[in-house]
Amino acid sequence: MDAADFRRHGHELIDWIADYLDGGVRAYPVRAQVAPGDILAGLPASPPEQGEPMADILADFRRVLLPGITHWQHPRFFAYFPANNSLPSVLAELLTAGLGAQCMVWETSPAAAELEERVMAWLGGMLGLPAAWRGCIQDTASTATLAALVCARERATGGRFNLDGAAAPQADRLTVYASTETHSSVEKGAKIAGYGRGRVRKVAVDAAYAMDPAALERALAADLAAGLRPACVVATVGTTSSTALDPLRPLGEICRRHGLWLHVDAALAGAAAILPEKRALLGGVELADSFDFNPHKWLFTNFDCSAFWVRDADELVKVFAITPEYLKTAHDGGVSNFRDWGVPLGRRFRALKLWFVIRAFGVEGLRRRLRLHLELAQRFAAWVQADPDFELMAPVPLNLVCFRARPRAAASEPELERLNAALMERLNASGRLYLTHTRLGGRFVLRLSIGQTGTTADDVAAAWDEIRAAAAAPYPDSGGGAGRRHARKEDR
Ligand SMILES: *Cc1c(COP(=O)(O)O)cnc(C)c1O
């Protein structure tokens, strides 16, 4: 491919992306409507020996791959959590690819290191984090949690685990605490960081699914009595199931008393703290040792971009730094070498897209969009509450509504689960919207998460209409007599 070809196809692709993100995405089913293996079947078993024209590659992108794309940027994507994108972010990502810079140490791209420092300070100020904290960009919240767990491990073993591995004193006694609603990345991190999955204590939650500080105290006391060495508490602000808010201040006070590392995982909800009226979400965060949230979820910055702060950067860097001869430069003192802030050496120029997004939207522009999502979630929750055939299943502090259909006739829990699972599958198979489920207190619950860049009030109203209509229709696949008749008919 030469520059002329690049120019031609590049312009074509920019046009395609502009149309796609400017409403064109609505033409596609939200969830990919393919079966396992469908896409694979359309891909040749071996690579081409000779280069192919870009026009053919792009044509195959549309013909073979596009049907297998789930459209996360669709305004009726209500599944999981958002991974919202924006035009400025896409432009920055293009530039990042064009520059192709490796931003591992200051000297390998001073602008990347210093812009990262600046935008993280901007973002920390927008959230109201303590001014002395320092931050860097990680790929994901899972990586940030892992980094925090490793730091906690080193604090608890006096830096000996890094030196002696599992032979370090206390190394086989370390424990981690998180609520029963915590994200799976905590257990994954505990496996990798050498705690062992079995040493993650799942602390009980209250009626709003937030960690109960008294239950944490009890778990700590039991482990201490058993000769174990508590090392880390991971608090969640905005749990994945229901955006429950662990109470940071009492948890932080407990951690201070016991000398534990407190990591705050606010992967989704952190974004909301840019709203002055939501600042209280992070009340007590100043007692934490580290904090992370994902601009790649709900701050219009395309994946990947996870913003990670620590109270004491020296403590973090001491844990991760390692400088072989070939990476030594004349500038190692006095500059940020972000390779020492986490696992990877090579780093993408992620600060660029955050800078584009914050400047292009402005802080007020970002706030306006988040406020719309929050308001739409309240509106949807009110519709659920007002409808006798539905029920709200958790508080709605942010942009996620947990609910289920509860027809007056349906009685048992298993019956309600079948019915709601069938309702969800029917909606998602329609391609007109996409939502997912979770389990709260053992019960099967539907989640409607509002946070895509293009989502409007009409989209949320249309989703509610679809959900009510689908719930009111008979359920061929819920195991009743009607379903069996339906199945027989289909067999013929
Ligand atoms: C989404 C989420 C994660 C995982 O985020 P990644 O960036 O994909 O690793 C972790 N914790 C919470 C609370 C989340 O909502």
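Up top is the structure these notes are about.
Residues numbered from 1 in each chain as written. Predicted model: local features only at pLDDT ≥ 70, side-chain atom pairs only at ≥ 80, totals over all residues. Heavy atoms only, no water.

Observations regarding the packing of helix H13 (residues 351–386) against helix H15 (residues 457–472)
Two elements in contact, H13 and H15, have axes whose closest approach is 10 Å; the angle formed by their N-to-C orientations is 25°. By the angle between their axes, H13 is roughly parallel relative to H15. For the pair H13 and H15, the crossing hand works out as right-handed. Between H13 and H15, the contacting residues are Leu 376, Arg 379, Phe 380, Trp 383 and Val 384 on the first element and Ala 457, Val 460, Ala 461, Trp 464 and Ile 467 on the second. Partitioned by chemical class, the residues of the contact of H13 with H15 number nine nonpolar, no polar and one charged. (Axes fitted to C-alpha atoms, helices over the stretch in contact; angles between N-to-C directions. Helix = DSSP H or I, 4+ residues; strand = E, 2+ residues; numbered from the N terminus. Parallel < 35°, antiparallel > 145°, perpendicular 65-115°, else oblique. Left-handed = near helix turned anticlockwise from the far one by under 90°. Contact = heavy atoms within 4.5 Å. Nonpolar A, V, L, I, M, F, W, Y, C, P; charged D, E, K, R; others polar.)

Points about the sheet that holds strand S10 (residues 436–440)
Here we have four strands laid out as an open sheet, ordered S8-S9-S11-S10, and antiparallel in their pairing. A strand with exactly one partner marks an edge of an open sheet, and here the two such strands are strand S8 (390–392) and S10. On average, each strand axis in the sheet is inclined to that of its neighbour by 40°, with strand direction left out of account. For S8 and strand S9 (residues 400–405), the ladder comprises three bridges, and the chain directions are antiparallel. Pairing of Glu 391 across the sheet is with Arg 404, part of S9. Together, S8, S9 and strand S11 (443–449) form the strand contacts of H13, whose direction differs from that of S9 by roughly 20°. (Pairing = 2+ DSSP bridges.)

Comments concerning the pattern of salt bridges
Under the counting rule described, the total for this entry stands at 34 salt bridges. Glu 154 is the salt-bridge partner of Arg 153, the closest N and O atoms lying 2.9 Å from each other. Its relative accessible area of 9% is what places Arg 153 among the buried residues. In this structure, a network of salt bridges that share partners links the residues Glu 93, Asp 304, Arg 348, Arg 350 and Lys 353. (Salt bridge = Lys/Arg side-chain N within 4 Å of Asp/Glu carboxyl O. Buried < 20%, exposed > 50% of the residue type's maximum accessible area, 1.4 Å probe, protein only.)

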